[in-house]
Amino acid sequence: MRIKLIGICLMFVVGCEINHQEYSIEAFMNTTSIGGASFSPDEKSILIRSDASGIHNAYEIDIESGETTQLTHSDSTSIRPLSYFPNDKRILYRSDQNGNEIWHIYLRNEDGSTQDLTPGENARSLFSGWAYDEQSFYFTSNKRDPRYMDIYEMDINSFESKMIFQNVEALNFADVSNDGRYLALNKTHTRDNSDMYLFDREVGQLKLLSSHEGNINHSPAGFSMDSKSLYFLTDANREFRYLKKYDIATGAIAEVQREDWDIWYSYLSHSGRYRVTGINADSQTEIEVIDKVKNRQIQLPQLPAGSISSVSISKSENYMALYHGGAKSPSDLYILNINTKKYQKLTDSMNPEINPDNLGNAKVIRFKSFDGLEIPAVYYKPPNASSKNRVPAVVKVHGGPGGQARVGYRASTQFLVNHGYAVLDINNRGSSGYGKTFQTLDDQAHGEGDLDDCVWAMNWLKKQNHIDGNKIGILGGSYGGYMVMAALAFRPDAFDVGVNLFGVTNWVRTMKSIPPWWEAARESLYKEMGNPHTQEEYLYSISPLFHAKNITKPVLVLQGANDPRVLQVESDEMVEAVRAQGVPAEYIVFPDEGHGFAKKKNQITSNKAILNFLDQYLKGE
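Nothing here was measured: the structure is a model prediction, and the numbers come from that model. (Residues numbered from 1 in each chain as written. Predicted model: local features only at pLDDT ≥ 70, side-chain atom pairs only at ≥ 80, totals over all residues. Heavy atoms only, no water.)

**Student:** So, helix 8 (residues 522-529): which residues are in play, and what are the values?
**Tutor:** Taken across its eight residues, helix 8 has six buried, putting it largely inside the fold. All of the buried residues in helix 8 are Arg522, Ser524, Leu525, Tyr526, Glu528 and Met529. In this structure, the buried residues of helix 8 make contact with strand 14 (182-190), helix 7 (507-512) and helix 9 (536-541). One or two positions beyond helix 8, positive phi appears at Gly530, with a value near 125°. (Buried < 20%, exposed > 50% of the residue type's maximum accessible area, 1.4 Å probe, protein only. Helix = DSSP H or I, 4+ residues; strand = E, 2+ residues; numbered from the N terminus. Contact = heavy atoms within 4.5 Å.)

**Student:** Could you give an account of the sheet that holds strand 6 (residues 91-95), with specific residues and numbers?
**Tutor:** Ordered by their spatial adjacency, four strands build an open sheet running 5-6-7-8, and the pairing between neighbours is antiparallel. Sheet topology places strand 5 (79-84) and strand 8 (114-116) at the edges, where each strand pairs with a single neighbour. The average undirected angle you get between the axes of adjacent strands in this sheet is 30°. For strand 5 and strand 6, the ladder comprises five bridges, and the chain directions are antiparallel. (Pairing = 2+ DSSP bridges. Axes fitted to C-alpha atoms, helices over the stretch in contact; angles between N-to-C directions.)

**Student:** Mind laying out the pairing of strand 13 (residues 172-176), listing which residues take part and the relevant values?
**Tutor:** Judged from the four bridges that link them, strand 13 and strand 14 form a sheet pairing that is antiparallel. Across the sheet, Asp175 pairs through a bridge with Ala184, a residue of strand 14. Hairpin remark: strand 13 followed by strand 14, antiparallel, with five residues in the connecting loop; positive phi at Gly180, about 80°.

**Student:** Which residues make up the pairing of strand 26 (residues 319-325), and what are the values?
**Tutor:** Within strand 26, six of the seven residues are buried, leaving the element largely enclosed by the surrounding structure. Of the strand pairs in this sheet, strand 25 (residues 307-313) and strand 26 are connected by six bridges, and their pairing is antiparallel. For Ser312, the partnering residue across the bridge sits in strand 26 and is Ala321. The antiparallel pairing of strand 25 with strand 26 creates a hairpin that spans five residues between the two strands, and Glu317 there sits at a positive phi of about 65°. Alignment of strand 26 against strand 27 (residues 332-337), held across six bridges, turns out to be antiparallel. Bridging across to strand 27, Ala321 finds its partner in Ile335.

**Student:** Quick rundown of the environment of Lys471? Include the residues and the values.
**Tutor:** Here Lys471 is to be found in strand 33 (residues 467-477). On the accessibility criterion, Lys471 (27% relative accessible area) is partly exposed. Through-space distance from the C-alpha of Lys471 to that of Pro392 is 4.9 Å; in sequence the pair is 79 residues apart. Among residues more than four places away in sequence, those in contact with Lys471 are Pro392, Ala393, Asp496, Leu618 and Lys619. A distance of 3.1 Å separates a polar atom in the side chain of Lys471 from the backbone oxygen of Lys619. (Polar contact = N/O pair within 3.5 Å; in protein donor to acceptor, adjacent residues only side chain to side chain.)

**Student:** Outline the packing of aromatic side chains, listing residues and values.
**Tutor:** Applying the stated criterion across every chain yields a total of 25 aromatic pairs. Both rings, one in Phe127 and one in Trp130, keep their centres 5.9 Å apart while their planes meet at 70°; by these two values the pair is edge-to-face. Consider the rings of Trp261 and Tyr434, whose centres lie 6.0 Å apart with planes at 85°: the pair is edge-to-face. Taken as a pair, Trp261 in the loop between strand 20 (253-257) and strand 21 (262-268) and Tyr434 in the loop between strand 32 (422-426) and helix 4 (436-439) lie far apart in primary sequence, 173 residues in all. Taken together, the aromatic side chains of Phe85, Phe127, Trp130, Phe137, Phe139, Tyr152 and Phe159 make up a single cluster linked through ring pairs. Directly above the ring of Phe85 sits Arg90, whose terminal nitrogen or CZ lies 4.1 Å from the centroid. Arg94 extends its terminal NZ or CZ atom over the ring of Trp103, reaching a point 4.0 Å from the ring centre. (Phe/Tyr/Trp six-rings, centres within 6.5 Å; stacked < 30°, edge-to-face > 60°. Lys NZ or Arg CZ within 6 Å of the ring centre and 35° of its normal.)

**Student:** Kindly report on the packing of helix 5 (residues 449-463) against helix 6 (residues 479-490), identifying the contributing residues and their values.
**Tutor:** In contact at an axis separation of 10 Å, helix 5 and helix 6 are set at 80° when each is read in the N-to-C sense. One element, helix 5, and the other, helix 6, form an angle in the roughly perpendicular class. For the pair formed by helix 5 and helix 6, the contact residues are Asp450, Leu451 and Cys454 on the first element and Tyr479, Met483, Ala486, Ala487 and Phe490 on the second. Here the residues of the contact of helix 5 with helix 6 sort into seven nonpolar, no polar and one charged. (Parallel < 35°, antiparallel > 145°, perpendicular 65-115°, else oblique. Nonpolar A, V, L, I, M, F, W, Y, C, P; charged D, E, K, R; others polar.)

**Student:** Before we move on, could you go through helix 3 (residues 411-418) and cite the residues and values that matter?
**Tutor:** Because the α-helix completes a turn every 3.6 residues, residues three or four places apart line up on one side. In terms of burial, helix 3 is largely enclosed, as seven of its eight residues are buried. Buried within helix 3 are the following residues: Ala411, Thr413, Gln414, Phe415, Leu416, Val417 and Asn418. The elements touched by buried residues of helix 3 are helix 2 (25-29), strand 30 (374-380), strand 31 (391-397), strand 32, strand 33 and helix 11 (600-619). Gly420 sits one or two residues past helix 3 and shows a positive phi near 90°.

**Student:** Quick one: what's the story with the sheet that holds strand 15 (residues 193-200), residue by residue and with numbers?
**Tutor:** Taken together, four strands build an open sheet; the order of strands is 13-14-15-16 and the sheet is antiparallel. The sheet is open, and its two edges are formed by strand 13 and strand 16 (205-208), each paired on a single side. On average, each strand axis in the sheet is inclined to that of its neighbour by 25°, with strand direction left out of account. The pairing of strand 14 with strand 15 spans eight bridges and is antiparallel. Note that in strand 15 the partner of Ala184 across the bridge is Leu198.

Shown next, in the form of structure tokens:
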């Protein structure tokens, strides 16, 4: 009997391998991407964004029935809903033109008519929240000077706006006190050094709150309910950011909360009863909600296969909107009754045709790099990979500089995993989330240690008995795209192929052509990457375009024509230079995209092209 059972088990295992199902990119794109959660004034519906139409639009979900209604109908540019109005169901949303990042704030009336509240062909405006009395909202705009985001307040009865702070020092707006008197701002000097300021509107005085020596970050995290204190995050004397509180009248500072990882954000609910804190714990978000009245932590629902990534609390503080997802499942929206603890699922984002068993789990791993430094990464193993079915692999590099590979659902990643490619999403030195020392290790050393981390990731992959060590490629977008081209140009024998999505290839041009509204980050970028006006030779030396003669491996390049960060000419010239070497260089330009591809039809085209390219040049089919 035991022999028969063993035989049945073996047949089942073999059957699982044989029955592994591959899905088309169209099937993956039938999965819906959603985000945002603004409660209506009567708390009977929630405003979200969704790409169910093929591009992000505004949708409304009726909480009781679960019925979803599409509110905007753009088919050309993404719409990001911002909020319901405080006392009616008009909404604010923002949109640009095909990815050019010139954002405007729009009003949608209940009859469906719309109005641009922040017109101007080259003026960029960003919503910054409602005034506590709900008679106005705040926004920033560079209409006065393209370099500086001034702060405005718009009356919601007349829709007339007034400037309340003229920004001439490239400061970043953070918050307004509930009484409207104080503005909290910060200034980024470098990635590891920033200051915060308090502007007193009553006396017109701007005050530096964070005088310090050395490299310390300070960023406002919101005012207290009585407008007498300012909470802020800092990494003073620590590797990770923690929460402190500044008393405006006395200048006294007290520590509020610290964790073993960076506190990303911390904010209070409408009356101040609840404090919501997000912690970046080893590539995953941990949410903590504290009931300040009962002085205890709220127990969030224990949902399967994933984690809660964000929380929004309604104005009445009776309800909580939760986003939950995992590596095999995109985020879905839940509603929790805080008083009864009952919750319900409002969305089903995953295409039901896709069986999660055919996707890859995410595992946080670590490996030693060339100098012994431990490098974290997120690993996705194809479910049918084994020592008898060894698969090719791709080292994936995030954007930034200073981004982070995180555990979560990525249709593009799971599409590759489902089709038999292992993906190692690497957090090379210079990535955020692992302490300020780790994050600064690549400053003005790009294409060196950070690139070698990617190369040494191959050593870890080759040790896995289910990996074909002779078939390893590299893929990345934006800064990750630069790392792809740097790998092919500066470590030409390491990887077998490269996939570059809108990556920088000429740092001299890129640093001289950064958008004017990045003025607040200019010095930080110069400190990390190099000043193009004084260090052109260094930037030339790390730019793959000028070392294309070294490239011998096939590359696929994808680019948006409207990209304001990485101009199309970057990719045009790189592809031309590679082809001049007689090396295969496939190239796709999307005329209606910017920095990243927002439209599903273009995501289908790009992901299909990536798989076909890898199948031809890496897998060898």
